[in-house]
Each structure stands twice: as structure tokens, then as C-alpha cells.
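# Report on the structure
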Amino acid sequence: GAVAHTCNPSILGGQGDGCGHLVTYQDSGTMTSKNYPGTYPNHTVCEKTITVPKGKRLILRLGDLDIESQTCASDYLLFTSSSDQYGPYCGSMTVPRELLLNTSEVTVRFESGSHISGRGFLLTYASSDHPDLITCLERASHYLKTEYSKFCPAGCRDVAGDISGNMVDGYRDTSLLCKAAIHAGIIADELGGQISVLQRKGISRYEGILANGVLSRDGSLSDKRFLFTSNGCSRSLSLDPDGQIRASSSWQSVNESGDQVHWSPGQARLQDQGPSWASGDSSSNHKPREWLEIDLGEKKKITGIRTTGSTQSNFNFYVKSFVMNFKNNNSKWKTYKGIVNNEEKVFQGNSNFRDPVQNNFIPPIVARYVRVVPQTWHQRIALKVELIGCQITQGNDSLVWRKTSQSSSVSSKKEDETITRPVPSEETSPGINITTVAIPLVLLVVLVFAGMGIFAAFRKKKKKGSPYGSAEAQKTDCWKQIKYPFARHQSAEFTISYDNEKEMTQKLDLITSDMAGKCRISRTVLLDWRCRLWGREIGEK
């Protein structure tokens, strides 16, 4: 769990052997006493200086403090800045859950003497940019709101505590929030980040899965559950087995009937039944340069990967760890690296031949070609994969009309189970030129007004009675003008469609009303005030 100090300027110094779990990033981190949540050792010292960027204030949050001493003489926790001292804290004294310091740097000192019990401490910190900081120990059951946002610090993945559920169905409300967010791929453990939480009614059973180095457990019925809002870029990217998936080698086995079984790369799609892809070399000591390559056909945004082993009970093969390589047309292969240490990132793979494991890429991979390069495996390299991501959208300022499709959000068993922001579907047009919409609209308006003039003149000749017509006529005049070119009933609803060269359709719904002088055409074709003026003109004529 600890991060090498050489890579973290935010830890300026340290001494003693009483420090435990320690992860920091530029503006947040997590720190515990040794053995936490077990008993901290006797006669030990932990002293660390933590900082956030200069110009920011430091927020400290104590998630847990359990120090046996009542006098703070030999067992205590103390915070010291250049101008202030906070503590010492120990025993049963009231301790502030949050400290907002006037400085960007503080020294944390934990000291212990002889004692029998005590968990020690867990604290998180962040800069004043994150006033909604929580600790790694907060659970969703601590919050009553149905929707809220919090900031999780770096380093919550390896803090003790269970989560139940998964990113599709949601998590049991007893789960640790920040650990669940890492599991769901919302934040990276080494970075921390903002999470947006939605509380929903619980379900009868929660299914666990290994994801992003966190094992979620199966869970039983609960009153409440929670989900995370995401950017929506989490669809399954379709893989064509013919020509789209290649491998460095493949294996042929012989079944009980004496027939050859080919474990080809085309069998590496996770959704397919039958054996997986398996490499030709079964030795465990050869260089880890076997690979499975996927061509997505075009550059796409890849936010994660799901993997399984062989999926065959009599072939206990699976990949235990792997790295990711990627490239685009006419470029060299690159290795996916971690943000903090800029070294190649090794992902935790499968622990058996059957169960799927998910890993997310934060930040995402943007590439056409990707390779899974196994590093360690059990018996023989065997893989089935599913890539998760979305199309790349053009960052233009024009109106983009999107067709809605069920594939544009994460698949789920219930309608409300996965909440995502809108995602461009694979049929997205690069954009509609405003003129292609505006010109037909102008023509429509001119034609309608011309038709009104002719019709009004015709009515004037035909009708010599009251200048405003009968009450019944007032009621129906407006609708008649719209209805005139169309054979529809009074309360009908109809659609005018415009097709541009991309075959995208913009639908303009015309909604009628039987209120006198009120007719409207929605989505800015004809505004209500024009409609009312039009009705008045007809009446005056």
C-alpha cells in the first residue's frame, strides 16, 4: 500500500517504525499507524511531514483514533505546523473529526509506550480545494441523502473493510464508499478523486467480483444500495473474431475422442461459449512476451477490460497479471504506465479459470490496436477478453444530434441500475450544419404566412357577419390554419422531418391546442407570440 518516498514530494521526511499504510498524491493522501486496524506496537514513533500545493490550506480528517493512554504522556497523536500545534490527542478525549489548517504543511507525530490494546489512528488529508473530503472508513449507510458528491483521498484501496456488490447492480449500503468507487473504476487508488453517489432501494442479493485489485463479496438483502454516476463511456466494444483478434501463438489440444481442439485467438471474446485462446508455449519460465492483439477498426476510447481464464473446468489455465500495450496507425507500440511513478502498470488478472475480473484505465487508452501481454499465469496462458469504452466524439461547437440506442449505457438488469451521463452511440453523426436546418425552417414560415393571407382573404369574402366570427370559429381558427394542408383531426399530433446527407433526422413536433388564439409549434419553429399575433390578424381581418 505504501508509495515509494522518492516519487512523492508531498512526504518530506519520516522517522520511526510506527508508521503503517501510507499513500499520498499531489493534494491528498491516507496514513495509518502500524498494524491498523490491529493493535499498534509498543515503544514506537511515527513522524511524517505531509504537504499540499503551496497557497492551499491543508484539511485533516481523522477517521479513527484509538490510543490507550488517558494522559497522552507516552501514547499520543500530535500535529505541528510552523505556527500552530493541534493535540496531543489520546484516550477518551473529544477529538475534532476535521482540522482546517492555515498552512499547506504539517508534521504528524504518533508515539507509543507500553500498552495492551488500541488500534492507533487512521487519517486522510487533502487541500482546501476539496472541502467535501471524507475518510476511507465512511460507508453509504452514514448518509441519508439520495444523491450527493464527496471527495475520496488517495490510498483507500488497501484499508481494511468490506464492500458487497458490483458496478452494474450497485453496492450494498454497508460498503465502504471510497473502496467501492475504486472497485467500480470511478477513481484510481493512487490518485483519489470526486465521486457522485445515488442511493436506491436495495436488492435481494449482491454479486461480488474482483475489480481493480479490490475483491467485492457477495451480499445479502439490504434496505438500501448505492450506485455511482459515471461518464457513460463503459459500453462493451464489439470484437469481430475474423481478422480482428491476433495472437503471438496458439495451442492445439487433443480431446478424449482424439480430435484436435484449436485454442485460437478468434475464441478470445468473453461472450463466446467454448474454450478460450491459449498460447502455444506452456512453460512458466519463458519470457513474458506472448500477446493477444485486438484491432478495433478505428481509434476508440478504452476505459477498461474484463478478462477470464480458459472457462473450461478441466483446463485450469488463467493469466494472473498482465500489462497493456497500444498503438494507432503507423505508430510504435507504447506501454500503458501509471500516473504517479510513470512505470509500466501491471494489472491484477484472474485467480481462477472461471470468474471474470475487471480492470479500468484511468486515464483511458485512446487507440485502435491494443495488446494484452501476460506477465504471470497458472499452468498455461489462457484468455478471454472484453474491452469497455466508447466512440471518440468530435470536439466541435456545432449541434450534434444523437440517435438514442440501448447500447449507449452500461447494460443492466433493471432500468435504474446504472446511471450514466449521455453517451454518443456508434451511429453518431459528426454534426449538422445549422443552415441545413435553418433554410427549410425559413421556407416553412414563409409558406405558412402566405397560406394564412390567402385563406384570410377567402374567409373575408365568404363571411360578412361579426368581425371576430362566432365563438366556435374563434375556437377552431388557429387549428384550421395549421391543419389546412394536412388531412388530420383536430387533436392530432404530427411530425415534420428533415433529412440531411447524413440521413440524420430532426423531428419537430407540432402540438395543437383547442384554446382560442393559442397554437404552438414546439422547438422554436413558430413561437407562441407569433401564433397569437397570427390569430389576432385573422380576427381583425
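In what follows, the accompanying structure is described. None of the values given here were measured: they were computed from a predicted structure.

Turning next to the overall build of the protein. Helices and strands together make up the secondary structure of the protein, namely four helices and 33 strands. Burial analysis of the protein (541 residues in total) assigns 47% to the buried set. Long-range pairs, those at least 24 residues apart, make up 72% of the contacts in the protein with a sequence separation of at least 6. Carbon and sulfur atoms make up 49% of the accessible area of the protein, which totals about 27,300 Å².

Here we come to the sheet that holds strand 5 (residues 58-66). Across the sheet, which stays open at both edges, the five strands sit in the order 2-3-10-5-8 with antiparallel pairing between neighbours. Since the sheet does not close on itself, it has two edges, and those belong to strand 2 (19-24) and strand 8 (98-100), each with one partner. Ignoring which end each strand starts from, the neighbouring axes of this sheet average 15° apart. With three bridges connecting them, strand 5 and strand 8 associate as antiparallel partners. When the sheet's bridge partners are listed, Leu 60 is paired in strand 8 with Leu 99.

This next bit is on the packing of aromatic side chains. For the coordinates displayed, the defined rule picks out 17 aromatic pairs. Judged by centre distance (6.0 Å) and plane angle (80°), the ring pair of Trp 251 and Phe 315 falls under edge-to-face. Here Trp 251 is found in strand 22 (residues 251-254), whereas its partner Phe 315 is found in the loop between strand 25 (292-308) and strand 26 (318-327), with 64 residues between them in sequence. Under the relative-accessibility criterion, Phe 315 is labelled partly exposed at 22%. On the numbers, 5.7 Å between centres and 55° between planes, the contact of Phe 315 with Phe 317 is tilted. Accessibility expressed as a relative area gives 8% for Phe 317, which makes it buried. Counting every residue linked through ring pairs, the aromatic cluster contains Trp 251, Trp 263, Phe 315 and Phe 317. The cationic tip of Arg 354 hangs over the ring face of Phe 353; the distance from NZ or CZ to the ring centre is 5.7 Å.

Under the counting rule described, the total for this entry stands at five disulfides. A disulfide bridge connects Cys 19 with Cys 46, and the sulfur atoms are separated by 1.8 Å. Note on the Cys 19 and Cys 46 pair: the S-S dihedral is about 95°, so by sign convention the disulfide is right-handed. Taken as a pair, Cys 19 in strand 2 and Cys 46 in strand 4 (residues 44-51) lie far apart in primary sequence, 27 residues in all. No difference in accessibility class separates Cys 19 from Cys 46, as the two residues are buried. Note that Cys 152 is cross-linked by a disulfide to Cys 178, the S-S spacing being 2.1 Å. On the S-S bond that ties Cys 152 to Cys 178, the torsion sits near -90°, and the link is left-handed.

So, about the environment of Phe 110. Relative to the helices and strands, Phe 110 resides in strand 9 (residues 105-112). Along the backbone, Phe 110 and Asp 75 are 35 residues apart, and their C-alpha atoms lie at a distance of 7.5 Å. Beyond its immediate stretch of four places on either side in the chain, Phe 110 contacts Gly 18, Ser 33, Tyr 40, Thr 44, Val 45, Cys 46, Ile 67, Tyr 76, Leu 77, Gly 120 and Phe 121.

Criteria and thresholds
- Residues numbered from 1 in each chain as written.
- Predicted model: local features only at pLDDT ≥ 70, side-chain atom pairs only at ≥ 80, totals over all residues.
- Heavy atoms only, no water.
- Helix = DSSP H or I, 4+ residues; strand = E, 2+ residues; numbered from the N terminus.
- Buried < 20%, exposed > 50% of the residue type's maximum accessible area, 1.4 Å probe, protein only.
- Contact = heavy atoms within 4.5 Å.
- Areas by Shrake-Rupley, 256 points an atom, 1.4 Å probe, with all protein chains shown as cover.
- Pairing = 2+ DSSP bridges.
- Axes fitted to C-alpha atoms, helices over the stretch in contact; angles between N-to-C directions.
- Phe/Tyr/Trp six-rings, centres within 6.5 Å; stacked < 30°, edge-to-face > 60°.
- Lys NZ or Arg CZ within 6 Å of the ring centre and 35° of its normal.
- Disulfide = S-S within 2.5 Å.

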